[in-house]
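Spelled out, the chains give:
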Amino acid sequence: MKYKTYIIAEIGINHNGSLDNALKLIDIAASAGCDAVKFQKRSPEDCVPHSQKYLPKNTPWGKMTYINYKHKMEFSEDEYNTIDNHCKDRKIEWSASAWDLSSLHFLSKYNLPFIKIPSAKLTDHSLIAAAVQSFDKVIISTGMSTIDEVRDAVRFIEEEQSRSNKSIKLEILHCNSAYPSPIDQLNLRAIQTLKDFFPKYKIGYSGHELTLGTSVAAVYLGAEILERHITLDRNMWGSDHSCSVTPWGLFKLVNGVRELEQAYGDGIIKLEESEIGAKKKLRG
C-alpha cells in the first residue's frame, strides 16, 4: 500500500457535554494510534428550527427545552482551548464538523488541519464557500446524497477556488447516514466510483455501521481516510453511542488497518525472503 490511512476518531457529541469525557476519548484515540479526533460544532440558535426550540426534552440532567439541551451539549471557547492544548500534549490532531457559519467562524480561530462539511450540509453553498475561504483543507461527506449532488458540491468548491484565486485540498468521504447503517446498504464499491469520478482528490470512508471488518475492507477498497465514531460505552445516553466504536474496538480497528497496510504488498508473484529457507528445505 503506497499510503498510510489517515484515521479520524469521531468524538462528535459523544462527550455528552462533559469536557472530562472528551479528554478521555482524546486519550483513547491517541493511544490507539489515530491521526485525529473530530468534534461537531453547532450554534444552537442558528441550527435548531424555531418550531423545535422550546419543545420539552427528557435528558440525563432532567427535563428541559430542546434549545437548552443543545446549548448544554456545546463546549465553550475555554473548553475548546483545553481540548486544543490536550491534543497538542497527546500529539494528535483535532478538528470538527461545522454545521453553521457561526461555528465555522469560531473554528477558524484554531490551527486545524482541516474543516469537515457533514453530509447534511453538502448542499449548503454558503457554508461551503466560507469553508473554502477560511481553511486550507476541506473534507466533505456524501451520505444521503446522489452522485449529482456530490458532483455539484465538488464543482462549486472548484469554482469557489477559482473565484477567490485560492487553492485548497479537497477530500471526499463515502458515507451512509443511517445510525446505525445497515450492512447491506454500505455500498463500499462506491469508494471506487468516487475515485473514478474524482481522480484528483483523496477518497475516504465515514462509517456508521456496528461492525469493524467493513471499515478495514473500505481501506482495502481504496479509502485513504477512515472516520468512525467512538464512545466510552455504547450504553451511554445519546443518539450516536450505539453505532460508535468502543475503546477496545478502536484499538482493534486501528491495528487491523495498520496490519492491512503492511500486508497489502505490490501484487508481484515472487519468492519472498521469508520463503527462502522453506524452499531449500522442501524443494532441495
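As shown above, the structure is provided for reference.
A. Region of the structure containing the overall build of the protein. Helix and strand counts for the protein stand at twelve helices and ten strands. A compact globule built from 284 residues would reach a C-alpha radius of gyration of about 19 Å, and the protein, at 21 Å, matches this within 12%. If one aligns the C-alpha atoms of the protein with their principal axes, the spans along those axes are about 80 × 45 × 40 Å. Taken over 284 residues, the protein has a buried fraction of 50%. Taking all contacts inside the protein whose residues are at least 6 apart in sequence as the whole, residues at least 24 apart take part in 68%. In the structure as shown, the protein presents an accessible area of about 14,200 Å², 50% of it carried by carbon and sulfur atoms. Seen as two clouds, the 36 positive and the 36 negative side-chain charges of the protein have centres 4 Å apart.

B. Expanded view of the environment of Ser97. Residue position: Ser97 is located in strand β5 (residues 93-98). The sequence separation of Ser97 and Phe114 amounts to 17 residues, and the corresponding C-alpha distance is 9.5 Å. Among all residues touching Ser97, those that are not within four sequence positions of it are Lys38, Phe39, Gln40, Lys41, Lys116 and Pro118.

C. Representation of the pairing of strand β9 (residues 202-207) in the model. Within β9, five of the six residues are buried, which leaves the element mostly enclosed by the surrounding structure. Direction of pairing for strand β8 (residues 169-175) relative to β9: parallel, over a ladder of five bridges. Its bridge partner lying in β9, Ile172 is registered against Ile203. Handedness of the β-α-β unit built from β8, helix α9 (residues 190-197) and β9 comes out right-handed. Pairing of β9 with strand β10 (residues 225-229) involves three bridges; the strand directions are parallel. Bridge pairing in β10 links Ser206 to Glu227. Taking the sense of rotation as the criterion, the β-α-β connection linking β9, helix α10 (residues 213-220) and β10 turns out right-handed.

D. Representation of helix α8 (residues 147-164). Spanning 18 residues, α8 covers 26 Å between terminal C-alpha atoms, matching the ideal 26 Å at 1.5 Å per step. Residues of α8 that are buried: Val150, Ala153, Val154, Phe156, Ile157, Glu160 and Gln161. Projected onto a plane normal to the axis of α8, the buried residues spread over an arc of 155 degrees and lie on a single side. For α8, the exposed residues set more than 90 degrees away from the buried face come down to Asp148, Ser162 and Arg163. Positive backbone phi, at 55 degrees, marks Asn165, one or two positions downstream of α8.

E. Representation of the packing of α10 against helix α11 (residues 247-263). Where α10 meets α11, the closest approach of the two axes is 10 Å, and the angle between their N-to-C directions is 30 degrees. Between α10 and α11, the interaxial angle falls into the category roughly parallel. Seen from above, α10 lies across α11 with right-handed handedness. Along the contact surface, α10 presents Ser215, Val216, Val219 and Tyr220, while α11 presents Leu253, Gly256, Val257 and Leu260. Looking at the contact of α10 with α11 residue by residue, the class counts come to six nonpolar, two polar and no charged.

F. Quick look at the side chain of Ser103. Residue placement: Ser103 occurs in helix α6 (residues 101-107). Overall, the relative accessible area of 0% leaves Ser103 in the buried class. From its side chain, Ser103 meets the backbone oxygen of Lys41 in a polar contact 3.3 Å long. Among residues more than four places away in sequence, those in contact with Ser103 are Lys41, Arg42 and Ser43.

G. Representation of the packing of aromatic side chains within the structure. Summed over the entire model, instances satisfying the criterion amount to 14 aromatic pairs. Between the aromatic rings of Tyr69 and Trp237, the centroid separation amounts to 5.8 Å while the plane-to-plane angle is 90 degrees, which identifies the pairing as edge-to-face. Here Tyr69, found in helix α4 (residues 66-72), pairs with Trp237, found in the loop between β10 and α11; they are 168 residues apart in sequence, far enough to count as distant. Owing to a relative accessible area of 7%, Tyr69 belongs among the buried residues under this scheme. Overall, Trp237 belongs to the partly exposed group, its relative accessible area being 33%.

H. Representation of the pattern of salt bridges. One pass over the full model with this rule turns up 21 salt bridges. For Arg90, the salt bridge goes to Asp27, with nearest N and O atoms at 3.0 Å. Of the two residues, Arg90 is situated in helix α5 (residues 77-90) and Asp27 in helix α1 (residues 19-32); the sequence distance between them amounts to 63 residues. Accessibility expressed as a relative area gives 31% for Arg90, which makes it partly exposed. When its relative accessible area of 25% is taken as the criterion, Asp27 is described as partly exposed. In this structure, Lys88 and Asp84 form a salt bridge, with 3.2 Å as the shortest nitrogen-oxygen distance. Remark: Asp84 and Lys88 occur in helix α5; sequence separation between them is four residues, near one turn of the helix. Judged by relative accessible area, Asp84 falls into the buried class, the value being 13%.

About the thresholds
Residues numbered from 1 in each chain as written. Predicted model: local features only at pLDDT ≥ 70, side-chain atom pairs only at ≥ 80, totals over all residues. Heavy atoms only, no water. Helix = DSSP H or I, 4+ residues; strand = E, 2+ residues; numbered from the N terminus. Rg over C-alpha atoms; globule rule 2.2 N^0.38 Å. Buried < 20%, exposed > 50% of the residue type's maximum accessible area, 1.4 Å probe, protein only. Contact = heavy atoms within 4.5 Å. Areas by Shrake-Rupley, 256 points an atom, 1.4 Å probe, with all protein chains shown as cover. Lys, Arg positive; Asp, Glu negative; His and termini not counted. Charge placed at Lys NZ, Arg CZ, Asp CG, Glu CD. Pairing = 2+ DSSP bridges. Right-handed = clockwise from strand over helix to strand, strands pointing away. Expected span 1.5 Å × (residues − 1). Arc of directions from axis to C-beta. Axes fitted to C-alpha atoms, helices over the stretch in contact; angles between N-to-C directions. Parallel < 35°, antiparallel > 145°, perpendicular 65-115°, else oblique. Left-handed = near helix turned anticlockwise from the far one by under 90°. Nonpolar A, V, L, I, M, F, W, Y, C, P; charged D, E, K, R; others polar. Polar contact = N/O pair within 3.5 Å; in protein donor to acceptor, adjacent residues only side chain to side chain. Phe/Tyr/Trp six-rings, centres within 6.5 Å; stacked < 30°, edge-to-face > 60°. Salt bridge = Lys/Arg side-chain N within 4 Å of Asp/Glu carboxyl O.

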